[in-house]
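# Structure assessment
Single-letter residue listing:
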Amino acid sequence: MANHHIPYALLHGMNVPTSFINQEGSAFDFGELEEAIVLQGAKANLLTGRTAATLEMFPSWPMRYQQTPGSSKSGGESTDSGSALNTISSKTENQFEPDSPISKKASSSYHQAFDQQNLQQQQQQQEMASDPSRTGTSLNQSAPIVKPLQEKKRASTSEKQLDAKTLRRLAQNREAAKKSRLRKKAYVQQLESSRIKLTQLEQELQRARSQGLLLGSSGGGVGNISSGAVICDMEYARWLEDDERHMSELRTGLHSNLSDTDLRLMVNTYLSHYDEIFRLKGMAAKFDVFHLLTGMWTSPAERCFLWMGGFRPSELIKILISQLDPLTEQQLMGICSLQHSSQQAEEALSQGLEQLQQSLIDTVAGGPAIDGMQQMAIALSKLANLEGFVRQADNLRQQTLHQLPRILTVRQAARCFLVIGEYYGRLRALSSLWASRPRGRLMSDEQPCQTTTELQMVQPSQSHFSHF
Amino acid sequence: MYCEGDSWGCYLPMSLRSMGSDPMERVVKLASESAVVIFSVSSCCMCHAAKRLFCGMGVNPTVYELDQDPRGKEMEMALTTLLGNSQTVPIVFIGGKLIGAMDRVMASHINGSLVPLLKEAGALWL
């Protein structure tokens, strides 16, 4: 279950540019990810791919294309591939004895190719002749293979009398051209299979998402997720796993009657854990504020209660009050005062956001007299203010959480965090249950048992979805 | 406009105020003349939120719209220097003391320090 929401790259341990927490300025390019996938496969399968390509120069041999996820690109190979070719070509050279049946057939095909490609390869010839030091290229590797055949060719009397050097050069060119064609073909095939794979992944993703098993994405298919959103969701999933760990530690700590000092340590650790998510959201707001504001990073049930990109602090405090009996009068006052302040702050931010929205509406509605480009520019600058509001809202959430241990005992604070964690865990579970509920069937009285067992199954372990 | 009473506490025509040539001096002077002072920009929605916050608490803040003051730009720069790390409006003073930008105001409201400050400055009764 843990793998469902982790993107392909992570699953295969690829070297993807990781969290933008570490790379503040740079943007994550989804194109880079695709390239990494291609190259990774290319590196892994270079040997096998190249072997096939080298042997396929001689058409009488069966064309053995392996369906590899990657193969070499037609441009510059690395020295790794160069050395690999060295070993391969030396092996194949031994196979081509002068009286091998291959050489005769090969020579006839050479002639077919010769006339067609003569002109094209004049230039290539020059390059080849003048640069013998290019050890890394595949073209030079083919030379030792070609030589025995060249000698064979000269011996046959039915051929034209051409200069040996020229013959060799021309043959080398043909080899090179053939190799290029074959490489290109291999590359195209690899692209095709990657495309198919991509479509399959998309379908899987779509299926999984419809079952509520995945973190949200922006509307539409996979291609519509911004890279910022992808990273945000990835980091968030990781945070959720950490959260589970912290919660079970807290639970154990509470039940095993730890000393207050130890418990306080745990509570502080948990607070830092929360600080982490707000830091993550701060970064995400820079890259894709809409992803946060629309709640696409959360589960559907949580999205329902979304306020400015996350939970509403006063609502959370209400929940806590109901769960925290018994409270001393002082504590009760403290908590109610916290709720009250939070409500005022929320109200102020909401009104500020409303004014921003109204201002944006006015700009976008515009008028005939307004220049389209200018209108867009103004709208863009107004949109930039959205990030500020999400950040203030997150700031409010963070401050509220930090205030809790100040007005409560350490045990109560620990209880608070457990209550919060469990609450959101249940909301996430609710989301996935809802998504996977049987449709088109009437929920009769016999049905509830089924639901109950499902709930029991879900309860102990938490799933991977959104929280703050 | 915003609060129950008249509009914003008072919009004082700044040209009538004394002309400290140093913008920082002006800022400090203006800040100390009222219990609650907000340096704002009229088009800024976060400033609107700050104003709403104080009004919602029953406080009448004095608002200076820096974009409507001929020397507003300098004052804005002076304020940024005062706060460090590119903080922007709204910037709040209570009882002549600098509170900070929006996030500090929010934080102090949540941790319970804002209300006592307001009471101390005479902006809030009970």
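Because the structure is a prediction, the values reported are computed rather than measured.

Here we take up the pairing of strand β1 (residues 36-40) of chain B. All names here are of chain B. Of all five residues that make up β1, five are buried, and the element is covered over most of its length. Neither face of β1 is left uncovered, since the one carrying V36, I38 and S40 and the one carrying V37 and F39 both have all their residues buried. The sheet contact formed by β1 and strand β3 (residues 91-94) spans four bridges and is antiparallel. Bridge pairing in β3 links I38 to V92. Sheet topology note: the β1/strand β2 (residues 62-65) ladder contains four bridges and is parallel. Across the sheet, the residue bridging to I38 is V63, located in β2.

For the rest of this paragraph, the subject is the pattern of salt bridges. All names here are of chain A. Overall, the coordinates contain 15 salt bridges over all chains when judged by the stated rule. Between K281 and D394 there is a salt bridge, with the nearest N and O atoms lying 2.8 Å from each other. Pair noted here: K281 is in helix α9 (residues 260-287) and D394 is in helix α14 (residues 372-407), with a separation of 113 residues, a long-range link. The exposure class of K281 is buried, given its relative accessible area of 1%. Take D394: its relative accessible area is 5%, and that puts it in the buried class. Here K318 ties to E315 by a salt bridge, and the two come within 3.3 Å at their closest N and O atoms. Linking K318 with E315, this pair stays in helix α12 (residues 313-323), spanning three residues, or about one helical turn. Overlapping salt bridges, with partners in common, bring together R251, E422 and R426 in one network.

Often, the extent of an interface is quoted as the loss of accessible area on bringing the components together. Opposite the 20 residues of chain A that make contact, chain B presents 17 residues. The three residues of chain A that bury the most area against chain B are Q344, Q355 and Q392 of chain A, which together make up 29% of that side's buried surface. Remark: the boundary between chain A and chain B carries zero salt bridges. Put simply, chain A and chain B have four residue pairs in polar contact (both at pLDDT 80 or more) between them. Elements with a minimum of two residues in the side of chain A that touches chain B: α13 (329-365) and α14 of chain A. Per-element accounting of the side of chain A that touches chain B gives the leading share, eleven residues, to α13 of chain A.

Time to look at the packing of aromatic side chains. Describing an aromatic ring pair means giving the distance of the ring centres and the angle of the ring planes. Residues and elements named next belong to chain A. This model, assessed by the stated rule, comprises ten aromatic pairs over all chains. Ring centres 6.4 Å apart and planes at 50 degrees place the aromatic pair F311 and Y424 in the tilted group. Of the two residues, F311 sits in the loop between α11 (300-304) and α12 while Y424 sits in helix α15 (residues 410-435), which places them 113 residues apart along the sequence. Per residue, the accessibility class of F311 equals that of Y424, and both read buried. Each ring, one from Y423 and one from Y424, has its centre 5.1 Å from the other, and the planes form 80 degrees; the classification is edge-to-face. Taken together, Y236, W239, Y270, Y274, W297 and F417 form an aromatic cluster joined through their ring pairs. Here R397 stacks its cationic end above the ring of F311, 5.7 Å away from the centre of that ring.

Attention now moves to the confidence of the model for chain B. All names here are of chain B. Looking at chain B as a whole, the pLDDT averages 86, with 84% of positions reaching at least 70. Counting contacts from residues 1-9, a segment whose pLDDT is below 50, to residues more than four positions away or on other chains yields 17 contacts. The complex model carries a pTM of 0.59, and its ipTM stands at 0.87.

To continue, consider the state of the cysteines. In total, this model carries zero disulfides over all chains according to the counting rule given. C44 of chain B supplies the cysteine sulfur nearest to C47 of chain B, a cysteine that is in no disulfide, at a spacing of 3.1 Å.

Another aspect to go through is the confidence of the model for chain A. Do not read the predicted coordinates in detail wherever pLDDT is low. Residues and elements named next belong to chain A. Predicted confidence across chain A gives a mean pLDDT of 73, with 56% of residues reaching 70 or more. When mean pLDDT is compared element by element in chain A, α13 scores highest at 95, while helix α4 (residues 79-95) scores lowest at 43. Considering only residues more than four positions removed or in separate chains, one finds that residues 13-27, a stretch of pLDDT under 50, has 30 contacts. For residues 131-148, every residue scores under 50 in pLDDT, and the model assigns this stretch 31 contacts once sequence neighbours within four places are set aside.

Here the focus is unusual backbone geometry. With an omega of 5 degrees, the peptide bond between V89 of chain B and P90 of chain B qualifies as cis. Tracing the sequence through the fold places P90 of chain B in the loop between α3 (72-83) and β3. Of note in the backbone geometry, M308 of chain A takes a positive phi value of approximately 45 degrees without being a glycine. Its place among the elements puts M308 of chain A in the loop between α11 and α12. Residue class for M308 of chain A comes out buried when judged on its relative accessible area of 8%.

Definitions and cut-offs
Residues numbered from 1 in each chain as written. Chains lettered and ligands numbered in written order. Predicted model: local features only at pLDDT ≥ 70, side-chain atom pairs only at ≥ 80, totals over all residues. Heavy atoms only, no water. Buried < 20%, exposed > 50% of the residue type's maximum accessible area, 1.4 Å probe, protein only. Helix = DSSP H or I, 4+ residues; strand = E, 2+ residues; numbered from the N terminus. Pairing = 2+ DSSP bridges. Salt bridge = Lys/Arg side-chain N within 4 Å of Asp/Glu carboxyl O. Contact = heavy atoms within 4.5 Å. Buried area = accessible area lost by both parts, 1.4 Å probe. Polar contact = N/O pair within 3.5 Å; in protein donor to acceptor, adjacent residues only side chain to side chain. Phe/Tyr/Trp six-rings, centres within 6.5 Å; stacked < 30°, edge-to-face > 60°. Lys NZ or Arg CZ within 6 Å of the ring centre and 35° of its normal. pLDDT = per-residue confidence, 0-100. Disulfide = S-S within 2.5 Å.

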